[in-house]
Amino acid sequence: MPAPVLAVTDLSTSFFTRNGAVRAVNGVSFAVARGEVLGLVGESGSGKTVTGFSILGLVDPPGRIVGGSIRFLGEELAGASDERLRSLRGASIAMIFQDPMMTLNPVLRIDTQMIEAITAHEKVSHRAARARARAALAAVGIASPDERLAAYPHQFSGGMRQRVAIAIALLHRPALLVADEPTTALDVTIQSQILAEVQDLCAESGTALIWITHDLAVVAGLADRVAVMYAGRIVEEGPVDAVLAQPLHPYTRGLIGSVPSRNARGAPLNQIPGMAPSPADLPPGCAFAPRCPRADVVCAGPLGMTGHPGERAARCWHPYVSEAAR
Amino acid sequence: MSGPIIALDRISKDFVTPLDLAARAANLLGARLRESAIRAVDDVSFAVDEGEVVGLVGESGCGKSTLGRIVADVLAPSAGSVNFRGAPRDELAGEAARTAALKVQMIFQDPMASLNPRLRVGDIVGEAPVVHGIVTRAERRDYVAALLERVGLDPRYTTRYPHQFSGGQRARIGIARALAVKPDFLVCDESVAALDVSIQAQILNLFMELRHDLKLTYLFISHDLGVVEHLSDRVVIMYLGRVVEIAPTETLFRAANHPYTRALLANVPRLEARKQRFAPIAGEIPSPLDPPSGCQFHPRCPFAMARCKSEAPALREITPGHRSACHLNDAA
Amino acid sequence: MAAITEVGITDTAAESRLAGAWHEFAERRTAVVALAAVVLLIGLALLAPLVAPQNPYDLTQLSIMDNKLPPLARGLDGMLYLLGTDDQGRDMLSAILYGLRLSLYVSVVATAIALALGTVTGIVAAYFGGRIDALLMRLVDIQLSFPAILIALILLAILGKGIDKVVIALVSVQWAYYARTIRGAALAERRREYIEAARCLALPQWRIIFRHLLPNAFAPLIVVATVQVAHAIALEATLSFLGVGVPITEPSLGLLIANGYGYMLSGDYWISFYPGVALLIAIVAINLVGDRLRDVMNPRLKR
C-alpha cells in the first residue's frame, strides 16, 4: 500500500490563555491517501478547525502544537521552520476557508492575486502566469474568465469568491487540500455546484482532500472516509458507508439520529441531551460520558480506540456493536 | 376559531437608496444617475391559518427574511396590506394596534446579536411584559422564572448576561422573551441556522412542544429543507422576491411542480447518498439589483421557453391547495 | 413542560468583564504609570487645600518681600519654597496645586456637560435618521468646521470673563465630537437584531433609544471623553494664557504660565517653567491613558 500523503499521529494543540491552558486538539490521529477524500466532522468546539490550522502551521500564539507528529509525504511538519512551511503552503498544501475573504485581498484585482500566488513558488513569465490563472478560473466553472480576472473580489457573489479561492488553492496542483467549511455559508444550489467542481478537480489531479464540516449529509455524498471529532478527540473513524449505516460511537449515533430526515415527520427529533463541554473544562476520561445513554463508571477512566485504528474504530468503552466491523 | 390569523395581500417591499445632494446636483448638470431600487418582495399573497406551521424556503436574495419582518411588523411594506384576524393591521389604532403588535413575535437568527448584551437575562425577558402591563413589577420575578423553565433553562440564571451562555441557551432566551408577551403567532427567521446539529434538534423539539402546549402558529423561515419538511404543514418557496410554489408539505416533497423547487430538492445533500454525483443547476443566483425579465428563473431553467423570458407566470392552483407559478402548467 | 436539558453556564472563568479589562489595560507599563500619574494629579488637585504649604489666593499669607525667590530658597520667615516664588511672593508649589485643581475642575465639568449634550444629540440623530439626522449633523458639521480657539475667543469676547463662561466656551467647542462619535456607533448598532427585537416587542421609542441603543453605542465615547479632557485642559490653558480665560484672582496653570512669561529671559524661569511642566504631565498622562483605553476597547468592540 502506498504511503499516505498525510499521516497525523497523536496531534495535540493547546491555547495558553490567562485563565490556563485550553486543549483544543487532544491526541488526534488519522491519515489521508492520494486522491482520497476524508470528511472531518464535528460541531463547534470539537477542535476540527484547529486541527486543520495545525496541519498548515497556521496556529497563532497564544496557541501552539504541543505534541504529536504531522508527516506530509514523509516530511515532519510539526516543529518545521517557518520558511519550510511557507514554501510548502500554496504549493504542496493548500487551504480554503469558510469565508473566501480570508483568502482574497479586497484591494487587489483577481489577476494580480493569482499571478502573485503563482510566481511566489515558481519562476514563470508574467504572461505564462496569467494564462495559467485564466485556465484555473475556467477549470472551476467561472464563465468569461478574462473579464473576471480584471475584477475585484467585492464585485463577485459569495459562491464566485469561493470558486476563485479554490482556483487559487489548486494553482500548483497541491498534494493535499484542506477545506474548512467552505460551503457552509453558501446557498444549497451553489454548494452543489462547488461540491461537483471540487469532486472533479480532486479526482482528476489526485489531490488528497480533507473536508472539515459539521454537515453529515455533505460528507455522505463527498467523502470516502469520515472521522468524527468531539471535544478535541476523534471518537469514531471509518469508511463513510460503515460509519453512517452502523455508527459505533453513541455520539455519532446521536448526531445521525437528530437529523430531521432520520425522524418521522412531526415526531420529536431524537436529541442528544445537554451540551458539549467547553475545551477549558473537560471531564476526566470520555468527554461525552455526561450526555451518553450508555455511560457508566468505566467511562471516567482513560480511553483508547477499540477496533482497528486507521481503518474502523471508535473511542468508546461501550460501542454499539460488540465487535468493530472487520 | 379557525381561519387565517395572518393574511398577506399583495405585499411588496422596495429598498430604495435615495439620491443624496451631490447626486442630485450632478443630475442637474446633466448626469443621469438613478436611485438604486431593489424589489425585495414582489406582490406576495398567502395566508397562514390558526395553528398551522408554514415553512418559507428560499436562497439568498429571495426576500424571505424581509417578508418575515413585514409579517412581524418590524418593517413596513411598500405596497399591500397585512391582515391580522381579518382586519388590515395598518387600520388598527391605539389599544387594538398594540395588542395586534404583541400577538405576532419574532425569533431571530443570530442568538448573540438578538439579545441586548448590556442587559441581564431577567431584564431581557421581563422588560416587555412589565412595560405592557401583562404583569406587575412584583410579579415579574416569578413570571420570568416560569418562562425560563418553560424553555428549558435554569431559572436561577436571571442575573447573568447573554455572553455567559452558549448558543443554544441564547436561542432559548430569545424564545422566552417572545413568549413573555403571550403571542399567538411566531415568525422564526432562520432560528436554528446558527446552531450545531445536536442543539438544533433540541430547539426544534422545543418549538414543536410549544406549538402543541400553547396553541401557537408559526411562519418558519429557513433555507434547510430537511428541517422545513419535518416541521411544516405547508411550504412556500420563494425566488428573487416572488412566490413560485405553495403546497402541503408531503405534496411538495413528493411531487414538486416548479422547476426551481425540483432543482432545489435535487440538490439537497442527503445522508443516504454515497459518492453522490452532484448535478447542480447551472448559473448563479441573479442579483436582486438586476433581476431577469419575465419569469425570473428562466436563465437557469432547463425547460425555459420563449414565453418565459417576456411574461411573468401567475401563481395558479394546479391541484387543490397546490399553487405554482410556471408557464409549463398552462401547456398541460 | 420542557425538561431542563441545559446544565451549567459556559463562563467557568471567575473573571468579570471589568477585571478582564483591567488586566488587559495593565499589560502596558507606560499606561499603568500614566494612570498612576493621573490618579496622583487628581488626588493632589482634590486635596490641594490640605496639601499646599500656603493658600496662594490669600493675600495675607503672601510676603511681597519674598518675591522671585529661586527653588529651594528660604523666605524671610524661614519658610522653604520648594519651587520658588513668583513676582508677588506666592509659593509656586501651592500656586501650581491650586492651578491644577482649577484646570482639572474646569475641564472635567466642561467635558461632562459636553458629553451629555453631544450624546443626546447624536443618538437621537442616529435613531430617527432622515431629516432630524440631517439637521443635527449639519449643525455638528458647522461647529466642527471652525477652529476651536476661534469659537472660544469669540464666545468669551461676548460673554466676558469668569470660570463659568470658560466652561460654556469649552462645552460649545466640544459637544460636536461626542455627537458625531456616538452617531457613528449608534448607526451601526441600530441595525442589530436586538433593536429589532425591542421594536417587535412594541417598546416605547424613548426606552429603545436610552435603554437599548445608548448603552451599546457608548463605548467609543469613553475614549473620546478621556482624550478630550486633555484637550480641554490645553484649550483652557491657551485661553488663560491669552488673558481671556479665568480671572487673575484664581489663576489656572495657563494663567500662571502667562504671568511668568515675561520673566523667562531675565533668568527667573521657574515662574513659568514649573506650571508648564505640570501642564505637560497632566496632558501627556491623560492622553496615554486614553490611548491605552482605545486599544483595550477595540478588540472587545469586535465581539
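Worth saying up front: this structure is predicted, and the values here are computed from it rather than measured.

So, the overall build of chain C
Secondary structure summary: chain C contains 11 helices and 2 strands in total. For chain C, the α and β elements follow one another from N to C terminus as α-α-β-β-α-α-α-α-α-α-α-α-α. Structurally, chain C occupies a C-alpha span of about 90 × 50 × 30 Å along its principal axes. Within the span of chain C, comprising 303 residues, buried residues form 42% of the whole. Partitioning the intrachain contacts of chain C with sequence separation of at least 6 by distance along the chain shows that 68% fall at a separation of at least 24.

So, the overall build of chain A
Counting its regular elements, chain A contains 10 helices and 12 strands. Since a compact globule built from 326 residues should have a radius of gyration of about 20 Å, the 21 Å found for chain A is in line with a globular shape. The principal-axis extent of the C-alpha atoms belonging to chain A is close to 65 × 50 × 45 Å. Residue pairs in contact within chain A that sit at least 24 positions apart in sequence constitute 63% of those at least 6 positions apart.

Quick notes on the nonpolar core
By size, the foremost hydrophobic cluster in this structure holds 275 residues, and its most contacted members are Leu176, Trp211 and Val219 of chain A, Phe220 of chain B together with Leu170 of chain C. Among the elements that make up this core, the one with the highest residue count is helix α3 (residues 92-128) of chain C (17 residues). Looking at which domains feed residues into this core, each of domain 1 (4-239) and domain 2 (260-268 + 278-332) of chain B gives three or more. Leaving out residues up to four positions away in the same chain, Leu170 of chain C has contacts with Val106, Ala110, Ala232, Leu235 and Glu236 of chain C.

Some points on the confidence of the model for chain A
For any part of a model where pLDDT is low, the fine detail of the predicted coordinates should not be relied upon. For chain A, mean pLDDT is 86; residues scoring 70 or higher make up 98% of the total. For chain A, the element scoring lowest by mean pLDDT is strand β11 (residues 306-308) of chain A, at 78; strand β3 (residues 37-41) of chain A scores highest, at 94.

Things to note about the interface of chain C and chain B
Across the contact, 21 residues belong to chain C and 34 residues belong to chain B. Elements represented by at least two residues in the side of chain C that touches chain B include exactly α7 (193-200) and α8 (205-217) of chain C. Here the side of chain C that touches chain B is built from residues that sort into 11 nonpolar, 4 polar and 6 charged.

Here's the deal with the interface of chain A and chain B
The accessible area lost on association of the parts is a frequent measure of interface size. In this complex, chain A contributes 39 residues to the contact, which on the side of chain B involves 33 residues. Contributions of two or more residues to the side of chain A that touches chain B are made by α6 (158-169), α7 (188-205), α8 (216-222), α9 (240-245) and α10 (250-257) of chain A. Tallying contributions element by element places α7 of chain A first for the side of chain A that touches chain B, with 7 residues. Looking at the side of chain A that touches chain B residue by residue, the class counts come to 18 nonpolar, 15 polar and 6 charged.

Brief notes about the sheet that holds strand β12 (residues 312-314) of chain A
Residues and elements named next belong to chain A. Spatially, the 8 strands line up as an open sheet ordered β6-β7-β8-β3-β9-β10-β12-β11, and their pairing is mixed. Single-partner strands in this sheet number two, and they are β6 (93-96) and β11. For this sheet the average axis-to-axis angle between neighbouring strands, irrespective of direction, equals 20 degrees. Sheet analysis places β3 next to strand β9 (residues 225-230), joined by 4 bridges and oriented parallel. Looking at β9, one finds that Gly39 is bridged to Val226. Contacts from helix α1 (residues 48-56) reach β3, β6, β7 (176-180), β8 (208-213) and β9, with the element oriented near 150 degrees to β7.

Looking at helix α2 (residues 64-71) of chain B
Of all the 8 residues making up α2 of chain B, 8 are buried; the element is thus mostly covered by neighbouring parts of the structure. A positive phi of about 65 degrees marks Asp73 of chain B, the residue just after α2 of chain B.

Points about the pairing of strand β8 (residues 217-222) of chain B
Residues and elements named next belong to chain B. Across the 6 residues of β8, 6 count as buried, placing the element largely inside the fold. What you see with β8 is no split at all: Thr217, Leu219 and Ile221 on one side and Tyr218, Phe220 and Ser222 on the other are buried throughout. Taken together, the 5 bridges between strand β3 (residues 53-57) and β8 define a ladder with parallel strand orientation. By the bridge assignment for β8, Leu56 is matched with Ile221. Summarising the sheet, strand β7 (residues 185-189) and β8 pair through 5 bridges and their orientation is parallel. Bridged to Leu186 within β8 is Tyr218. In the classification by handedness, the crossover that spans β7, the intervening helix α7 (residues 197-214) and the parallel β8 is right-handed.

Focus: unusual backbone geometry
Residues and elements named next belong to chain A. Going from Pro61 to Pro62, the amide bond is cis rather than trans, its omega being 10 degrees. Along the chain, the position of Pro62 falls in the loop between α1 and β4 (63-72). A positive phi angle, near 55 degrees, is found at Asp10, a position not held by glycine. Of note, Asp10 is situated in strand β1 (residues 6-17).

Regarding the sheet that holds strand β11 (residues 316-319) of chain B
Residues and elements named next belong to chain B. Read across the open sheet, the 8 strands follow the order β6-β7-β8-β3-β9-β10-β12-β11; overall the sheet is mixed. Where the open sheet ends on each side, the last strands, each with one partner, are β6 (104-107) and β11. Going from strand to strand, the sheet's axes swing by 25 degrees on average, the running direction of each strand aside. Where β3 lies against strand β9 (residues 234-239), 4 bridges are found, and the strand directions are parallel.

Digging into the packing of helix α6 (residues 163-190) of chain C against α8 of chain C
Residues and elements named next belong to chain C. Packing of α6 against α8 brings their axes to within 8 Å, and their N-to-C directions diverge by 120 degrees. Judged on the interaxial angle alone, α8 and α6 are oblique. The way α6 lies across α8 gives a crossing that is right-handed. Residues Ile182, Ala185, Ala186, Glu189 and Arg190 of α6 touch α8, and the partners they reach there are Leu213, Asn216 and Ala217. Each residue belonging to the contact of α6 with α8 can be placed in one class, and the counts come to 5 nonpolar, 1 polar and 2 charged.

Considering helix α5 (residues 148-159) of chain C
Under the 1.5 Å per step criterion, the end-to-end length of α5 of chain C is 16 Å for 12 residues, consistent within 8% with the ideal 16 Å. Looking one or two residues beyond α5 of chain C, the residue adopting positive phi is Gly160 of chain C, at roughly 95 degrees.

Things to note about the environment of Ile209 of chain C
Residues and elements named next belong to chain C. By secondary structure assignment, the location of Ile209 is in helix α8. Sequence separation between Ile209 and Thr85 is 124 residues, and the spatial gap between their C-alpha atoms is 54 Å. Residues within four places of Ile209 in sequence aside, it is in contact with Ile123, Val124, Tyr127 and Leu214.

What counts and what doesn't
- Residues numbered from 1 in each chain as written.
- Chains lettered and ligands numbered in written order.
- Predicted model: local features only at pLDDT ≥ 70, side-chain atom pairs only at ≥ 80, totals over all residues.
- Helix = DSSP H or I, 4+ residues; strand = E, 2+ residues; numbered from the N terminus.
- Buried ≥ 20, exposed ≤ 12 C-beta atoms within 10 Å, placed from the backbone.
- Contact = placed C-beta atoms within 7 Å.
- Rg over C-alpha atoms; globule rule 2.2 N^0.38 Å.
- Core = buried A, V, L, I, M, F, W, Y, C linked by C-beta atoms within 7 Å.
- Domains from an automatic or database assignment.
- pLDDT = per-residue confidence, 0-100.
- Nonpolar A, V, L, I, M, F, W, Y, C, P; charged D, E, K, R; others polar.
- Pairing = 2+ DSSP bridges.
- Axes fitted to C-alpha atoms, helices over the stretch in contact; angles between N-to-C directions.
- Right-handed = clockwise from strand over helix to strand, strands pointing away.
- Parallel < 35°, antiparallel > 145°, perpendicular 65-115°, else oblique.
- Left-handed = near helix turned anticlockwise from the far one by under 90°.
- Expected span 1.5 Å × (residues − 1).

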